[in-house]
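# Results of the structural survey
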Amino acid sequence: MTDPDKRIRVAIVDDHRMLLGALTEWIRSAQDIDMVAAVASWPELLTHSAFPVDVVLLDLDLKDNIPISLKISTLKTMAVKVVLMSTYSEPNVVREALAAGALGYLVKSEDASMIIEALRAAAIGESFVSAELDLALNAGEVGGSPKLSAQERRVMALYGGGEPVKAVAFQLSISEETAKSYLKRIREKYRVAGFDVGTKVALRKRAIEDGILIESDLPRAL
């Protein structure tokens, strides 16, 4: 459980300074995130006065010859969560990064709004990859329902069961904004998998079919 009023302390490491500046400004727009460090190299992160932080958004492609697995393990020993970003989207690269301990993986060509969702997920220990990457990682399962994280399943069960977003956020001790982000992500995952859950009724029906929500638990008014 997380404190909905607790702000997430974030640091970014990217050697492309123009992108670093743009990302910094974008992330600062989120009310629940404090951008405390934006640096261009791994050593700068480790020596920054604000380090350690809650989550590091780390460029996978830093040209410093330090293995990404070593960076991730170093951060994990300090209880720092890691979200990686890269120009690469090959499934094997993503799998290796997640296996090393990264909680999120973003491709730089994707919509920047996903960054904030990934940082929020990492802060509570949830994994995050884009819906498209998620589909690529599970290519053998195309045609079935998408894989949801534990928190996504909880959100879908509560919302599909009739709770308003505000009540979902309260019960899961997350902000209302974060709850909305989860719903957006759930709908995107289902969309990519070929299911339309754009309405609350459609989402509830899908939750029942996928065993996330037990029909007998629904209020009689629904």
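Scroll up to find the structure this text is about.
Residues numbered from 1 in each chain as written. Predicted model: local features only at pLDDT ≥ 70, side-chain atom pairs only at ≥ 80, totals over all residues. Heavy atoms only, no water.

Further remarks concern unusual backbone geometry. The peptide bond linking Phe51 to Pro52 adopts the cis configuration, its omega dihedral lying at 5 degrees. Tracing the sequence through the fold places Pro52 in the loop between α2 (42–47) and β3 (55–59). The backbone of Asn65 sits at a positive phi, close to 60 degrees, despite the residue not being glycine. Of note, Asn65 is situated in the loop between β3 and α3 (68–77). On the basis of relative accessibility, which here comes to 80%, the residue Asn65 falls in the exposed class. Here Ser173, not a glycine, exhibits a phi torsion of approximately 55 degrees, which is positive. (Helix = DSSP H or I, 4+ residues; strand = E, 2+ residues; numbered from the N terminus. Buried < 20%, exposed > 50% of the residue type's maximum accessible area, 1.4 Å probe, protein only.)

With that settled, consider the pattern of salt bridges. According to the stated counting rule, one finds 12 salt bridges in the structure shown. Across the salt bridge formed by Asp32 and Arg120, the nearest N and O atoms sit 2.9 Å from each other. Of this pair, Asp32 sits in the loop between α1 (17–28) and β2 (33–39) while Arg120 is found in helix α5 (residues 113–123), placing the two residues 88 residues apart along the sequence. Like Asp32, the residue Arg120 is buried in the burial classification. One salt bridge connects Glu152 with Lys189, and the closest N-O pair in it is separated by 3.0 Å. Of this pair, Glu152 sits in helix α7 (residues 150–160) while Lys189 sits in helix α9 (residues 176–193), and the two are 37 residues apart along the sequence. Members of the salt-bridge network, linked through shared partners, are Asp32, Arg120 and Glu177. (Salt bridge = Lys/Arg side-chain N within 4 Å of Asp/Glu carboxyl O.)

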